Amino acid sequence: DETAPEGSLGSQVSWIVACGANEAYDKFPSQNQIFYPAARGRNMWYDPVFRVETLDGRNVWCKRHYMVRPQTIPGTFRFSVLDNGITSDEFWTIAAVDDDLSWIVFHYAGAASAIGQRYLGGLVCTPDGQLPDESKLPQVWKAVQAAGIQPWELFCVDNDTTSPGYIASGPPPLDY
């Protein structure tokens, strides 16, 4: 990708979720995050691609398509998405990111006001979906705690590409 920053890994995804704090959203396996610029202006798009096990036991890939608008304070963003007829509005913060981009911690607060739902969460993401090196974990946990989340509240995401569910679902649809 010619728009990728110099020194990047050239991956098809921006980040893969290693663990998250919201049981309703962050426990899905194989969570790929794709951020890319909008055609005009300062906005971006965010397309999470994640695997879901259906009620009948099948594994399928799901995608969402969020508009991302940078806010006045650096590292803060408004995300909006239409999901099954319901619009959600989320405020995301980059809580911390390592200088070498080996990990990032996001915090988010969202609402689907039409149905009276509010939610909070946080994500630890890495290029490969695995937790960072042991030597970097104290920095990661400090960032997680600064976002109001305790490390023991995080759910590890199943990013095993050799698991039966991953294999059954086929390759993830990482196009945008």
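Please refer to the structure placed before this passage.
Residues numbered from 1 in each chain as written. Predicted model: local features only at pLDDT ≥ 70, side-chain atom pairs only at ≥ 80, totals over all residues. Heavy atoms only, no water.

Novice: Please provide a residue-by-residue account of the nonpolar core, values included.
Specialist: Side chains that are nonpolar tend, in soluble globular proteins, to be buried together. Tyr-46, Phe-79, Trp-92, Phe-106, Leu-123 and Cys-125 are the most contacted members of the largest nonpolar core, which totals 17 residues. Put simply, the parts of the chain that give this core at least two residues each are β1 (15-20), β5 (66-70), β6 (76-83), β8 (104-112) and β9 (117-126). Contact partners of Phe-79, with chain neighbours within four places excluded, come to Phe-35, Tyr-46, Tyr-66, Met-67, Val-68, Ser-88, Asp-89, Glu-90 and Trp-92. Core analysis: the second largest hydrophobic core is formed by 9 residues, Cys-19, Val-105, Val-124 and Ala-143 among them. (Core = buried A, V, L, I, M, F, W, Y, C linked by side-chain atoms within 4.5 Å. Buried < 20%, exposed > 50% of the residue type's maximum accessible area, 1.4 Å probe, protein only. Helix = DSSP H or I, 4+ residues; strand = E, 2+ residues; numbered from the N terminus. Contact = heavy atoms within 4.5 Å.)

Novice: Just give me the short version of the packing of aromatic side chains, but keep the residues and values in it.
Specialist: Under the defined criterion, the tally for this structure stands at 14 aromatic pairs. Residues Phe-28 and Phe-50 carry aromatic rings whose centres are separated by 5.1 Å and whose planes lie at 40° to one another, so their mutual orientation is tilted. Of the two residues, Phe-28 is situated in the loop between β1 and β2 (32-37) and Phe-50 in strand β3 (residues 44-53); the sequence distance between them amounts to 22 residues. Exposure remark for Phe-28: the relative accessible area of 27% places this residue in the partly exposed category. Residue Phe-50 is classed as buried on the basis of its relative accessible area of 12%. Each ring, one from Tyr-46 and one from Phe-79, has its centre 5.3 Å from the other, and the planes form 70°; the classification is edge-to-face. Here the residue Tyr-46 occupies a position in strand β3, and Phe-79 occupies one in strand β6, the gap between them amounting to 33 residues. Take Tyr-46 and Phe-79: they sit in the same class, and that class is buried. Of the aromatic side chains, those joined through ring pairs into one cluster are Tyr-25, Phe-35, Tyr-46, Tyr-66, Phe-79, Trp-92, Phe-106, Tyr-108 and Tyr-119. (Phe/Tyr/Trp six-rings, centres within 6.5 Å; stacked < 30°, edge-to-face > 60°.)

Novice: Would you mind going over the environment of Asn-43 in detail, with residue names and values included?
Specialist: Residue position: Asn-43 is located in the loop between β2 and β3. Asn-43 sits 35 residues away from Arg-78 along the chain, and the two C-alpha atoms are 9.8 Å apart. When sequence neighbours within four positions are dropped, the list of residues in contact with Asn-43 reads Pro-37, Ala-38, Met-67, Val-68, Arg-69 and Pro-70.

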